Amino acid sequence: QVQLVESGGGLVQPGGSLKLSCAASGSIFSIFNMGWYRQAPGKQREFVALISSGGSTNYADSVKGRFTISRDNIKKPVYLQMNSLKPEDTAVYYCKARTGTVDYWGQGTQVTVSS
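Since the model is a prediction, treat every value here as computed from it, not as a measurement.

A. Molecular detail of the nonpolar core. Formed by 29 residues in total, the largest nonpolar core has its most connected members in M34, W36, L80, M82 and Y93. Every element with two or more residues in this core is listed here: β1 (2-7), β3 (18-26), β4 (33-39), β5 (46-52), β7 (67-71), β8 (78-82), β9 (91-98) and β11 (109-113).

Okay, structure coming up:
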C-alpha cells in the first residue's frame, strides 16, 4: 500500500509558473514509476508527465517544453515544474505511483490559470 500527498497548487496568471510536489509513503519500495495526470471539469483524466525508476521522462504533447517532471530519488518527493501556464492548463492535478500490481493516486491539487 502506498499513500500519496500532492501540494503546491493554486491560482496563477497566464504565462506564470507553479511547482507541484508529491510525497509518497507506505510501501514505497514497491514503486516502479511516478507521474502526473490532470482532470478538468466535464473532461476525462489525461496524462501529463511520467518519470521512471531509471530517470527517463515522458510528456504529453500539450505540455512539452513547458513542464518538467523531476525527482532526487524515486523514494523522495516527485515534482512538476510548470512554466508558461495557459488557461487550458486549469485542472485538478493528480500524482500517480505505479507498483508491480496496482496504481495509487493522490487526492489532487487544484491549479487555476486565470487573469
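B. Up close: the pairing of β9. Burial runs high along β9: six of the eight residues are buried. When β4 meets β9, the two strands line up antiparallel, connected through seven bridges. For G35, the partnering residue across the bridge sits in β9 and is K96. Sheet topology note: the β9/β11 ladder contains three bridges and is antiparallel. Among the inter-strand pairings, Y93 is bridged to a residue of β11, identified as T109. For β9 and strand β10 (residues 103-105), the ladder comprises three bridges, and the chain directions are antiparallel. Bridge pairing in β10 links K96 to W105.

C. Summary view of the sheet that holds β8. Reading across from one edge, β1-β3-β8-β7 is the order of the four strands in this open sheet, with antiparallel pairing throughout. The sheet terminates laterally at β1 and β7, the two strands that pair on one side only. Each strand of the sheet is rotated relative to its neighbour by a mean of 15°, with strand direction disregarded. In terms of strand pairing, β1 meets β3 through six bridges, oriented antiparallel. Looking at β3, one finds that Q3 is bridged to S25.

D. How the structure looks around the pattern of salt bridges. Considering all chains together, one arrives at six salt bridges under this definition. Across the pair D89 and R38 runs a salt bridge, and its minimum N-O distance is 2.9 Å. Note that D89 is positioned in the loop between β8 and β9 and R38 in strand β4, a separation of 51 residues in sequence. The exposure classification of D89 matches that of R38, with both residues buried. Between D89 and R66 there is a salt bridge, with the nearest N and O atoms lying 2.8 Å from each other. Taken together, the residues span a long stretch of sequence, with D89 in the loop between β8 and β9 and R66 in the loop between β6 (57-59) and β7 at a distance of 23 residues. The exposure classification of D89 matches that of R66, with both residues buried.

Conventions adopted
- Residues numbered from 1 in each chain as written.
- Predicted model: local features only at pLDDT ≥ 70, side-chain atom pairs only at ≥ 80, totals over all residues.
- Heavy atoms only, no water.
- Core = buried A, V, L, I, M, F, W, Y, C linked by side-chain atoms within 4.5 Å.
- Buried < 20%, exposed > 50% of the residue type's maximum accessible area, 1.4 Å probe, protein only.
- Helix = DSSP H or I, 4+ residues; strand = E, 2+ residues; numbered from the N terminus.
- Pairing = 2+ DSSP bridges.
- Axes fitted to C-alpha atoms, helices over the stretch in contact; angles between N-to-C directions.
- Salt bridge = Lys/Arg side-chain N within 4 Å of Asp/Glu carboxyl O.

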